[in-house]
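Architecture and fold: a report
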Amino acid sequence: MPEKFSPPDQEGGRGPQLRIEPLAALHLDQVIAIEQASFSQPWRRQLFEAEIVFPKALCLAALLSPGHILVGYLIMWVVVDEAQIQNIAVHPAFRGLGVGRSLLERGLGQARERGATWASLEVRPSNLAARRLYASLGFVEQGRRPRYYQPEGEDALLLNLRLDYRQPA
Ligand SMILES: CC(C)(COP(=O)(O)OP(=O)(O)OC[C@H]1O[C@@H](n2cnc3c(N)ncnc32)[C@H](O)[C@@H]1OP(=O)(O)O)[C@@H](O)C(=O)NCCC(=O)NCCS
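The shown structure was predicted, so the numbers you read here are calculated from the model rather than taken from an experiment. (Residues numbered from 1 in each chain as written. Predicted model: local features only at pLDDT ≥ 70, side-chain atom pairs only at ≥ 80, totals over all residues.)

Comments concerning the site of the ligand
With respect to spatial proximity, 19 residues lie near the ligand, and among them Arg95, Gly100, Arg101, Ala129 and Leu133 are the closest. Among the secondary structure elements, those contributing two or more residues to the shell around the ligand are strand E4 (82–90), helix H3 (99–113) and helix H4 (128–137). The biggest single contributor to the shell around the ligand is H4, with 6 residues. Grouping the constituent residues of the shell around the ligand by class yields 10 nonpolar, 6 polar and 3 charged. (Near = placed C-beta within 6 Å. Helix = DSSP H or I, 4+ residues; strand = E, 2+ residues; numbered from the N terminus. Nonpolar A, V, L, I, M, F, W, Y, C, P; charged D, E, K, R; others polar.)

A closer look at the sheet that holds strand E2 (residues 57–65)
The 7 strands lie next to each other as E1-E2-E3-E4-E5-E7-E6, forming an open sheet whose pairing is mixed. A strand with exactly one partner marks an edge of an open sheet, and here the two such strands are strand E1 (17–22) and strand E6 (140–149). Here the average twist between neighbouring strands, direction ignored, is 25 degrees. As defined by bridge partners, E6 adjoins strand E7 (residues 154–162) across 6 bridges and the pair is classed as antiparallel. The residue of E7 that forms the bridge with Arg144 is Leu157. Along the sheet face, H4 touches strand E5 (118–123) and E7 and points at about 165 degrees away from the line of E5. (Pairing = 2+ DSSP bridges. Axes fitted to C-alpha atoms, helices over the stretch in contact; angles between N-to-C directions. Contact = placed C-beta atoms within 7 Å.)

As for the nonpolar core
Grouped together as the largest cluster of nonpolar side chains are 41 residues, with contacts concentrated most on Leu60, Ala62, Tyr73 and Val99. The set of elements that each furnish at least two residues to this core consists of E1, helix H1 (28–38), E2, strand E3 (69–79), E4, H3, E5 and E7. Beyond its immediate chain neighbours, meaning those up to four positions away, Leu60 contacts Ile20, Pro22, Leu23, Tyr73, Leu74, Leu103, Arg106 and Gly107. (Core = buried A, V, L, I, M, F, W, Y, C linked by C-beta atoms within 7 Å. Buried ≥ 20, exposed ≤ 12 C-beta atoms within 10 Å, placed from the backbone.)

Remarks on the environment of Leu64
Here Leu64 is to be found in strand E2. Spatially, the C-alpha atoms of Leu64 and Pro16 are 6.3 Å apart, while their sequence positions differ by 48 residues. Excluding residues that lie within four positions of it along the chain, Leu64 makes contacts with Pro16, Leu18, Ile69 and Val71.

Some words on the pairing of E2
Looking along a regular strand, one sees the side chains alternate between the two faces of the sheet. In terms of burial, E2 is largely enclosed, as 7 of its 9 residues are buried. Across 8 bridges, E2 lies against E3 in antiparallel orientation. Considered in E3, the bridge of Leu63 is made with Leu70. Between the end of E2 and the start of E3, which pair antiparallel, lie 3 residues, with Gly67 showing a positive phi angle near 110 degrees.

Written out as structure tokens, the structure is:
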């Protein structure tokens, strides 16, 4: 098992460095490859093209330096006080190394700066890796949408996270 990446944008670490940057059109070939490797019903390129220019969308890329290899991405909408996680995926060869967590931590931090006080997402009950990641960030189950994912008919779990809660010192 390779070592986890150093926290993003931290100077002086050994080995490859992870950087989190705004997702841009030049990343989309790599995004599409990861999307197709990650989902049974991948988003099409036009949807990503629309997201990166949509003012309510917060779109982040996880890039490995040197080389600027795109290893993951996050698409989130910030609608009034709610951060809605629309899409997150990490290249299969780079999973389990902290990329997904880094994307979400950065994205949720930026959503908070834009005024979000809570975050929401849907996840398949069978997606244990994603559920553990969300649970480790504090997301809690709020409900279930029956047969949300088609054509399989799998339910969606609805998860929420308070962003305005501060641990007492
Ligand atoms: C879900 C996904 C984004 C996680 O990204 P990742 O970079 O592999 O996750 P991280 O390395 O940051 O892991 C963070 C935490 O998630 C959990 N986790 C990640 N992979 C896991 C796995 N295979 N099994 C169990 N838990 C896992 C762990 O709690 C981990 O924390 P830990 O390493 O301290 O134990 C990635 O697996 C993926 O792209 N999956 C396909 C697309 C997808 O399902 N997207 C979510 C749709 S709702």
